[in-house]
Structures are given as C-alpha cells and as structure tokens.
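# Inside the fold
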Amino acid sequence: MTIRASAVVVMLVSAAACSAPTSKGDKELPPVNPMAASMKDGFSTMDRLVEAAKREGTLTVVGLPRGWVNYADIMDRFSDKYGIKVIGVSPEANSQQEIDAATRLRGSKDAPDVFDLSLDVAVANAKRFAPYKVVGWGDVPDRLKDAKGLWYGVYGGYMSIGYDPRKLSAPASYAALAKPGVSVALPGDPLRTASAFSGVMAASLDGGKVDAARGVDLFARIKRAGMLSQPDRAASVVDWDFLNTARAETSARDDKPAWQVTIPRDAVLASYYVQAISKDAPHPAAARLWEEFLLSDEGQNLYLKAYARPARMEAMEMRGTLDKTAAAKLPAATGNPVVLTVPEQDEAKSYLKTHWSQAVG
C-alpha cells in the first residue's frame, strides 16, 4: 500500500470514529413537537423550547388587563427575556368572554394562544384546551389542576375585609360587619360579578362548609339597616386580599386615611385563576413557554409583587425561592383555606339566583 493510500485509510477510519456516537447522551435529540404535553416530550430541553418559541415570534393573550395582578410587568418581562411579541385581545374580557372571543377568532391570526380563567369556566370548556404539564407541575396542589394537564392554577387570593380603622376596629368575623353604623360594600352584584359572589360565599362559611343562606341573610340585614354601600364610599369592603391590599398601598402612597386588611379567623375562602393553552393555538411553542414562565419562580414572584398568592407558593417557600419581602406584605390567614368545588359553586349560584334579589335587591 502506498503512503498516500494509507493516509486515506487512516482519515476514513478517524472520520468514522468521530461521527459515531460514543454514548447514549451523544445521540441526536428527537425532532421538536410544539404540540406535546410536556417540555421533555416535545422539546427535550428549555433551550429548544425557547428556540421554537422565538421562531414563532408572537404570543396572543386574551382577557389580561395590564393593571391586573402585575400583568404589565409579567408580559413585558416575558417579551424582553425571550424576544417574543405579546399581543393582547379583549383585555377587559371576563372568563366566559375569553372563550367566546376564541370561538369568534378561531382560524385567524388574532386567535388567542392561552387563557386566564376562573375554575368553573375552565372545567366547562376543558375540551378546548391542549394538555401541557409545566416543569413545576408537581408543586401545584392537586385541587388546583386537571389530572391531564388541561388547566392548572397559577395565582389567586383569599377573600378579605378591607376597612377604615378610623371607623371600626378589625372585624373578627364577617358577621361583625352587621354592626350598626358600619357601611359595607361588595365589589359588584354577586349574581354577575365573581368577586362579589365569593364575598357572599366567604360570609357563608360555617365550619369549612358553605351555607349560602348565611351569607344572603347577613347582607340582607346590612341592607335593611341602610348600611350596604359602594366600595368608594364604604367603611369596609369585602373583596380579594390582593385587591384590598392594593387599596391599602394606594391610600398610603397618596397620603390618604390608612386602609387596613384582615381575613377573619377560620373563614378563609380561597380562589385561583387557572391557565390553559388553546388546542387551536397559532403559536403553540410560545404558548408553552408562556406557561413555563408563569409557573417558574420568577413568574410566580411577579404575581406576588401584586399581592396575588402564587399557586406554587408553599413549595417555593420550602425551597427558599419565594420573595420573602413581598410575601410578608400579605394579610395573615388563620385556618385551612377552602376552595369551592364546581358543584358547590353551582349549588350556591342557584340559591343566590332564587333568593338574592328578593332578600337584598
């Protein structure tokens, strides 16, 4: 064999050795599947998910006002971090209107990729969603997620009483709001507004169970006494703690009379908003990256800055990744939080539909 022929043989052998995988970890990764039900199954790594989402370049959200639970910062941070444009449609839409918007826009470039919904609307429309379990899936309490990954809690709050300490001391219970001379408000009509409905439900708690008649009776007594008022004029407002705490922050910043917040002992009603990915999402990889971001430590702490309680809060606290400064500003809660099931909500709504207008008007 000539020297030149020997060199060729050596080069071919060397090239073959370099191209052959030396271990299982050196094998090529499977193709990206942006419709997969987990990052591992669809992208293998976070870097590949980010790359796929960047190629899509856009995320369309629906029903997300920028002033709601720090969504301005959340959307801007996501966009800046990943170079993905976030487009919002119908920002003031409620949960059912988000679903209606998706139906109307289906097949268009403006169709929403993701939803931010109340639990009852999510459960009723689960067939519209694509399953996806984020990396932090195991940290989300079972009661706040669908077993298949069709929807999952992301942030929420506890029902509370915001009050003017110049006019009353911290109410020890919701029943204490019936005290003569104390004006009380709900944030809307409980037949139409989710937060007002939850306010009546919090006043209905009895030993961890809801008796809707208790809440209706309480507000009927307040109304008969002439003390049922509007939030901007009342001495006390029954509302979610993240909204009442924001009111307290605003009053302090504007040098107005201090507003304080309390959660009555052993009457902790909790509610969480859930996320879901549209099965018709025009940008499926960006949608999945959005969910990973919202449920990451960074995303969860961004909600916390607006006093919303992260769904992964307990796990983050145990691992030391929770923003302790922000968490310290949350109103204290004593007792096990109660999350109403959809059947419990339906039963209570039926009762209010029959009795609220007659008793309270």
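In the block above lies the structure referred to throughout.
Residues numbered from 1 in each chain as written. Predicted model: local features only at pLDDT ≥ 70, side-chain atom pairs only at ≥ 80, totals over all residues. Heavy atoms only, no water.

## Re the environment of Asp73
With respect to the helices, strands and loops of the structure, Asp73 is situated in helix 4 (residues 71-82). Between the C-alpha atom of Asp73 and that of Gly149, which follows or precedes it by 76 residues, the distance is 26 Å. (Helix = DSSP H or I, 4+ residues; strand = E, 2+ residues; numbered from the N terminus.)

## Examining the environment of Phe78
Relative to the helices and strands, Phe78 is located in helix 4. Exposure remark for Phe78: the relative accessible area of 0% places this residue in the buried category. Considering only alpha carbons, one finds Phe78 and Gly299, 221 residues apart in sequence, at a separation of 8.9 Å. Setting aside its immediate chain neighbours within four residues, Phe78 contacts Leu59, Gly83, Ile84, Val86, Ala286, Leu289, Trp290 and Phe293. (Buried < 20%, exposed > 50% of the residue type's maximum accessible area, 1.4 Å probe, protein only. Contact = heavy atoms within 4.5 Å.)

## Points about the packing of helix 7 (residues 194-202) against helix 8 (residues 212-224)
Packed helices, taken two at a time, are described by the angle between their axes plus the distance between the axes. Contact geometry of helix 7 with helix 8 gives a least axis separation of 7 Å together with a crossing angle of 100 degrees. With respect to each other, helix 7 and helix 8 are oriented roughly perpendicular. Contacts from Gly199, Val200 and Met201 in helix 7 reach Ala212, Gly215, Val216 and Phe219 in helix 8. Residues belonging to the contact of helix 7 with helix 8 are distributed by class as follows: five nonpolar, two polar and no charged. (Axes fitted to C-alpha atoms, helices over the stretch in contact; angles between N-to-C directions. Parallel < 35°, antiparallel > 145°, perpendicular 65-115°, else oblique. Nonpolar A, V, L, I, M, F, W, Y, C, P; charged D, E, K, R; others polar.)

## Looking at the pattern of salt bridges
Per the counting criterion, the structure on display carries 19 salt bridges. The partner of Asp110 in a salt bridge is Lys109, and the shortest N-O contact between them spans 3.4 Å. Between Arg312 and Asp139 there is a salt bridge; the shortest N-O distance is 3.0 Å. You can see Arg312 sitting in the loop between strand 13 (309-310) and helix 12 (313-319) and its partner Asp139 sitting in the loop between strand 4 (129-130) and strand 5 (152-163), a full 173 residues away along the chain. The buried category is assigned to Arg312, whose relative accessible area is 6%. Overall, the relative accessible area of 18% leaves Asp139 in the buried class. Several salt bridges share partner residues, and in doing so they unite Asp73, Arg77, Lys81 and Glu298 into one network. (Salt bridge = Lys/Arg side-chain N within 4 Å of Asp/Glu carboxyl O.)

## Here's the deal with helix 5 (residues 95-105)
What sets the pattern is the α-helix's 3.6 residues per turn: residues three or four places apart point alike. All of the buried residues in helix 5 are Ser95, Glu98, Ile99, Ala101, Ala102 and Leu105. One side of helix 5 carries all its buried residues, which in axial view fall inside an arc of 160 degrees. Buried residues along helix 5 sit against strand 1 (58-62), strand 2 (85-89), strand 3 (114-117), helix 6 (119-124) and strand 4. Looking at where helix 5 begins, the residue whose side-chain oxygen comes 3.2 Å from the main-chain nitrogen of Gln96 is Asn94. (Arc of directions from axis to C-beta. Polar contact = N/O pair within 3.5 Å; in protein donor to acceptor, adjacent residues only side chain to side chain.)

## Here's the deal with the nonpolar core
Nonpolar side chains tend toward joint burial in soluble globular proteins. One finds Tyr71, Tyr174, Phe219 and Trp290 to be the most contacted residues of the largest nonpolar core, which totals 89 residues. Formed by 19 residues, the second largest nonpolar core is a distinct cluster that contains Ala101, Leu119, Ala122 and Ala276. (Core = buried A, V, L, I, M, F, W, Y, C linked by side-chain atoms within 4.5 Å.)

## Side note on the packing of helix 8 against helix 14 (residues 342-359)
Direction vectors running N to C along helix 8 and helix 14 enclose 20 degrees, while the axes themselves pass 10 Å from each other. One finds that helix 8 runs roughly parallel with respect to helix 14. When you trace helix 8 past helix 14, the crossing you get is right-handed. Taken together, the residues of helix 14 that come into contact with helix 8 (itself represented by Ala212, Ala213, Val216, Phe219 and Ala220) are Ala348, Tyr351, Leu352, His355, Trp356 and Ala359. (Left-handed = near helix turned anticlockwise from the far one by under 90°.)

## Structural notes on the pairing of strand 5
In terms of residue burial, strand 5 counts as a mostly covered element, since 12 of its 12 residues are buried. Where strand 5 meets strand 13, two bridges bridge the pair, whose relative direction is antiparallel. Residue pairing across strands places Gly156 opposite Arg309, the latter belonging to strand 13. Here five bridges tie strand 5 to strand 10 (residues 236-240), and the two strands are oriented antiparallel to one another. Within strand 10, the residue paired with Ser160 across the bridge is Asp239. By the bridge criterion, three bridges tie strand 5 to strand 11 (residues 260-262) in an arrangement that is antiparallel. Bridging across to strand 11, Gly162 finds its partner in Val261. (Pairing = 2+ DSSP bridges.)

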